[in-house]
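# Descriptive structure summary
So you can see what is in the structure, the chains are spelled out below.
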Amino acid sequence: MLKHIRAAVTLFVLFTALLGFAYPLAVTGIAQVLFPAKANGSLIESDGRVLGSSLIGQPFSDPKYFWGRISATGPFPYNPQASSGSNLGPTNPALFDQMKARISALQAADPAQKGPIPVDLVTASGSGLDPEISLAAADYQLTRVARARHMSETDVRALVQRYTSDRQLGFLGEPRVNVLQLNLALDAARP
C-alpha cells in the first residue's frame, strides 16, 4: 500500500512541477519572445498611456465616434472579466427592448439617416466584447461621424478602409472594422 501512495505522491509532485510551472513558464517565455504585443494583450498605447486593447470593445456614444456592438457584460459594459453572451433568444422581450433602445439611440444621434440599421449595431456578440463592426455598420454611421467632425465623407471613408481587416484566411467571416483603432485615428486626424 505504501508503495502505491509513494508512487501517487511522486507523480502528483512531478506533474504539478511539469504542467503547473514548467510548461506555463515555457509557453509564456516563447510567446513573449515571438509575439510580445499579442502576448501582452494587444494593447494600444499613446504617449506612454494605455488606451485600450484591439481585442476588446470600448463604449462610445458620442456622435463624433463610430459605435461598436452592444456589450452583454455586467455589471458594466465591455467588462473583460465578465465575457459572455446575453443568451437572449429572438423571442425574448428583453432582447427586443434592448434592440429598441439602441435603435432609438442611433436614430437620435442621426435623425437624417433613414437606411436600414445593420444587425450588428443592435445586437451583442457571443463574447459581449466584440471590438469590430461590419463594413455595413461603419457605412451606416459614416455620414453622422463626418458631419460631427466637420470632415468630408471621403476622408472618413479612407480611414474606415485603412482600419478594415479582410476575411480570415481569405474566406472566413466578413471584412470588419476595429472601432477603437478607427476612433483613435479620427481623433488624430481631427481632434
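This text gives an overview of the structure that appears in the document. Remember, predicted model here, so these are calculated numbers, not experimental data.

This paragraph deals with the pairing of strand β1 (residues 43-46). Two faces, one strand: in a regular strand the side chains alternate between the faces of the sheet. Alignment of β1 against strand β2 (residues 49-53), held across 4 bridges, turns out to be antiparallel. Residue isoleucine 44 lies in a different strand from β2, and its bridge partner there is glycine 52. The loop that links β1 with its antiparallel partner β2 comprises 2 residues; one of these, aspartate 47, has a positive phi angle of about 55°.

What follows covers the pattern of salt bridges. Scanning the model with the defined rule gives 5 salt bridges in all. For aspartate 110, the salt bridge goes to arginine 147, with nearest N and O atoms at 2.5 Å. Residue aspartate 110 is found in the loop between α3 (93-109) and β3 (132-134), and its partner arginine 147 is found in helix α4 (residues 135-149); the two are separated by 37 residues along the sequence. Taking the relative accessible area as the measure of exposure, arginine 147 reaches 43% and is therefore partly exposed. Between aspartate 187 and arginine 149 there is a salt bridge, with its nearest N and O atoms 2.7 Å apart. With a gap of 38 residues between them, aspartate 187 in helix α6 (residues 179-189) and arginine 149 in helix α4 connect regions that are remote in the sequence.

Spatially, the 3 strands line up as an open sheet ordered β3-β5-β4, and their pairing is antiparallel. Each edge of the open sheet carries a strand with a single partner, namely β3 and β4 (164-165). Here β4 runs beside strand β5 (residues 176-178); their pairing, made up of 2 bridges, is antiparallel. Note that in β5 the partner of threonine 164 across the bridge is valine 177. Contacts from α4 reach β3, β4 and β5, with the element oriented near 85° to β3.

Scoring rules and cut-offs
Residues numbered from 1 in each chain as written. Predicted model: local features only at pLDDT ≥ 70, side-chain atom pairs only at ≥ 80, totals over all residues. Heavy atoms only, no water. Pairing = 2+ DSSP bridges. Helix = DSSP H or I, 4+ residues; strand = E, 2+ residues; numbered from the N terminus. Salt bridge = Lys/Arg side-chain N within 4 Å of Asp/Glu carboxyl O. Buried < 20%, exposed > 50% of the residue type's maximum accessible area, 1.4 Å probe, protein only. Contact = heavy atoms within 4.5 Å. Axes fitted to C-alpha atoms, helices over the stretch in contact; angles between N-to-C directions.

Honestly, that's just the spatial picture; any functional story needs more than this.
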